[in-house]
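Coordinates in review
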Amino acid sequence: MSQDKKYDYDLFVIGAGSGGVRASRMSAGYGARVAIAEDYRVGGTCVIRGCVPKKLLSYAAHFHEDFEDARGFGWTVAPPQFSWPTLIANKDREIARLEAIYIKLLQGSGVELMQGRAQVLDAHTVSVGEKQFSAAHILLATGGWPVKPAIPGAELAITSNEAFELPELPQRVLVVGGGYIAVEFAGIFNGLGSQVTLSYRGEEILRGFDADVQRHLHEEMEKKGVRILLHHEVSAITRAGGALDVACADGTRLTVDAVMFATGRKPNTAGLGLEGAGVRLDAGGGVLVDAHSHTSVASIHAVGDVTNRIALTPVAIREGAALAATLFNNTPTAVDHNDIPTAVFSQPPVGTVGDGESAALKKYGELDVYKTSFRALKHTLSGRDERTLMKLIVDAASQRVVGAHMVGADAPEIIQGIGIAVRAGLTKSQFDATVGIHPTAAEEFVTLKDKLRVRAHL
Ligand code: FAD
């Protein structure tokens, strides 16, 4: 590692979220002199108002069904009571604990933490408030921010940021959007007892996912009481006493207590000084980077959501680690963005890795598709009408499993394991050679027999 003493630091990181923290700690571990600036809370979106609090709320929402399901197993449960303020206070305590751990880890690695909004002044200079610092390398790890559609009354709506801090649980909620954050929050509010409507202007929720997954989750969410409106657009929001009156493009109106926009996120690049420094951005404001996370300016790099690649925490962490190895450990490392397993913590949850059927068909031309939908053993006694979907997509020519998809209890946990097999390029017969664990839902992935041969229409 070469240390250039003409700069204050070897690396100055802007943003102490998933990518920034990992890059700083690893770079410091390789001997670099590192500073990191954060203008909100250490931990970033994932820890403070993303993955972690979202999953805690999702657990809370699921208890609703757990109490109901317990009856079939002989339990008598007194009518359960739910307290939103207790949940939020407990969640806040856990987030504060995690934030403290992150701060300790940074300090323990010798990274200098600065509180404040940072700006890039030129290829080697950063400002934080009134102060200026020079650095051999600058890392942009500023993440993203929710965007609201520009409609009258948008300021009356919340985004996921505020959803984590609501003083009370809204009785009637309109969630606008069809992506993973929209369906997750629809499930959270619904499970906690709100009356939920989801409005999405597209064809089907979870755009880009396998079509069977999309439909299956849609049906299961409706069974649980979420009202889903497709090809639907909200055009204005006005206050109506203590509630909100929502005008829709089709002429109908909805009265709700909260509107939550989950209509996308934008890379946090505005006001960062990037144009002045010569850093090129894409049309959506994301920082353009090469496979090694280098920007158009040799000394400036970017990782995580700000680069508009795959906006997931483990990806940001990998990119941060790879950059540290590239810059300070003499090991140029690129992150492979293929076959990244991912989950949606909806109710029921989704787990997926590899291609969906239509994407795979375009790539491979001919597929063997294996699919099953069944009622999980647990629900034979609980009586719940919930079905699990599992699907394997196999390239007909090579017999390689190129996609695995599941909607149902524990899907994220199961697909994490299946993801190893898909990445390793295993064939269907290698899946079949694995003995199942009985009785589980996951064993279906090694016993799927009925195949459908699907050909692309060329
Ligand atoms: P971030 O974690 O967003 O960190 C960026 C940091 O930079 C922030 O702390 C910000 O305050 C700071 N910052 C910005 N500008 C400046 C500046 N000028 N000066 C100083 N500091 C600045 N991912 C998953 O993998 N699984 C999930 O289940 C999941 N759930 C999510 C749920 C929600 C509701 C949301 C919103 C996101 C979720 N994500 C999930 C995505 C995940 O949170 C992000 O992919 C991840 O946090 C990206 O990390 P990052 O380092 O790029 O940015």
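Placed above this text is the structure.
Residues numbered from 1 in each chain as written. Predicted model: local features only at pLDDT ≥ 70, side-chain atom pairs only at ≥ 80, totals over all residues. Heavy atoms only, no water.

Considering the side chain of threonine 142
Residue position: threonine 142 is located in the loop between strand E6 (131–140) and strand E7 (144–146). One polar contact links the side chain of threonine 142 to the main-chain carbonyl oxygen of asparagine 268, over a distance of 2.8 Å. In this structure threonine 142 touches Ile14, Asn268, Leu272 and Val306, once residues within four positions along its chain are discounted. (Helix = DSSP H or I, 4+ residues; strand = E, 2+ residues; numbered from the N terminus. Polar contact = N/O pair within 3.5 Å; in protein donor to acceptor, adjacent residues only side chain to side chain. Contact = heavy atoms within 4.5 Å.)

So, the site of the ligand
Around the ligand, a shell composed of 37 residues is seen, among which Gly19, Glu38, Thr45, Lys54 and Asp305 lie nearest. A distance of 2.8 Å is found between an oxygen atom of the ligand and a backbone nitrogen or oxygen belonging to glycine 19. Contact between the ligand and tyrosine 180: a nitrogen atom at 3.1 Å from a side-chain N or O atom of the residue. Contact with the protein chains hides 95% of the accessible area of the ligand, taken as 1000 Å² for the molecule alone. Examining the composition of the shell around the ligand, we find that 4 residues originate from one element, helix H2 (residues 44–49), more than from any other. Residue composition of the shell around the ligand, grouped by class: 15 nonpolar, 14 polar and 8 charged. (Near = heavy atom within 4 Å. Areas by Shrake-Rupley, 256 points an atom, 1.4 Å probe, with all protein chains shown as cover. Nonpolar A, V, L, I, M, F, W, Y, C, P; charged D, E, K, R; others polar.)

A word on the packing of aromatic side chains
Overall, the coordinates contain 6 aromatic pairs when judged by the stated rule. Plain terms: the ring middles of tyrosine 9 and phenylalanine 133 are 6.1 Å apart, the flat faces sit at 55° to each other, and that makes the pair tilted. Taken together, the positions of tyrosine 9 in strand E1 (residues 9–14) and phenylalanine 133 in strand E6 put the pair 124 residues apart, joining distant regions of the chain. When its relative accessible area of 9% is taken as the criterion, tyrosine 9 is described as buried. For phenylalanine 133, a relative accessible area of 13% corresponds to the buried category. Taken together, Tyr9, Phe12 and Phe133 form an aromatic cluster joined through their ring pairs. The aromatic ring of tyrosine 370 is capped on one face by lysine 428, whose charged end is 4.2 Å from the ring centroid. (Phe/Tyr/Trp six-rings, centres within 6.5 Å; stacked < 30°, edge-to-face > 60°. Buried < 20%, exposed > 50% of the residue type's maximum accessible area, 1.4 Å probe, protein only. Lys NZ or Arg CZ within 6 Å of the ring centre and 35° of its normal.)

Overview of the packing of helix H1 (residues 18–29) against helix H9 (residues 313–328)
For the pair H1 and H9, interaxial distance at closest approach is 7 Å and the crossing angle is 30°. As the angle between them shows, H1 and H9 are arranged roughly parallel. Relative to H9, the crossing made by H1 is right-handed. Facing Ser18, Gly19, Arg22, Ala23, Met26 and Ser27 of H1, the residues of H9 in contact are Thr313, Ala316, Ile317, Gly320, Ala321, Ala324 and Phe328. Residues of the contact of H1 with H9, tallied by class, amount to 7 nonpolar, 5 polar and 1 charged. (Axes fitted to C-alpha atoms, helices over the stretch in contact; angles between N-to-C directions. Parallel < 35°, antiparallel > 145°, perpendicular 65-115°, else oblique. Left-handed = near helix turned anticlockwise from the far one by under 90°.)

Considering a nonpolar patch on the surface
Side chains of Tyr59, Phe63 and Phe67 sit close together on the surface and give an oily, nonpolar patch of about 310 Å² of accessible area. Relative to the assigned elements, phenylalanine 67 resides in helix H3 (residues 51–70). Residue class for phenylalanine 67 comes out partly exposed when judged on its relative accessible area of 34%. (Patch = residues over 30% accessible without salt bridge, like charges linked within 9 Å, V, L, I, M, F, W, Y side chains within 5 Å. Salt bridge = Lys/Arg side-chain N within 4 Å of Asp/Glu carboxyl O.)

Considering the sheet that holds strand E11 (residues 234–240)
An order of E11-E12-E13 is seen for the 3 strands of this open sheet, with the pairing classed as antiparallel. The open sheet has two edge strands with one neighbour each: E11 and strand E13 (253–256). Put simply, the sheet's adjacent strands are angled 20° from each other on average, direction ignored. Sheet analysis places E11 next to strand E12 (residues 243–248), joined by 6 bridges and oriented antiparallel. Of the residues in E12, the one forming a bridge with arginine 239 is leucine 244. (Pairing = 2+ DSSP bridges.)

A closer look at unusual backbone geometry
Each neighbour pair has its own omega, and for glutamine 347 with proline 348 the value is 0°, a cis peptide bond. Tracing the sequence through the fold places proline 348 in the loop between strand E17 (342–344) and strand E18 (350–354). Not every positive phi belongs to a glycine, and histidine 231 is a case in point at roughly 50°. Inspection of the secondary structure assignment puts histidine 231 in the loop between strand E10 (227–229) and E11. With relative accessibility at 55%, the residue histidine 231 sits in the exposed group. A positive phi angle, close to 55°, is found at asparagine 308, a residue other than glycine.

Re the pattern of salt bridges
For the structure on display, the rule yields 28 salt bridges. Among the salt bridges present, the one from aspartate 245 reaches arginine 253, with a minimum N-O distance of 2.8 Å. According to the relative accessible area criterion, arginine 253 is exposed, its value standing at 55%. Residue glutamate 366 is joined to arginine 453 by a salt bridge in which the shortest nitrogen-to-oxygen separation is 3.4 Å. Taken together, the residues glutamate 366 in strand E19 (residues 366–375) and arginine 453 in strand E22 (residues 451–455) connect sequence positions 87 residues apart. On the accessibility criterion, glutamate 366 (25% relative accessible area) is partly exposed. Look at arginine 453 and you get partly exposed, because its relative accessible area is 38%. Within the structure, one salt-bridge network assembled from shared partners comprises Glu65, Glu68, Asp69, Lys224, Arg384 and Glu386.

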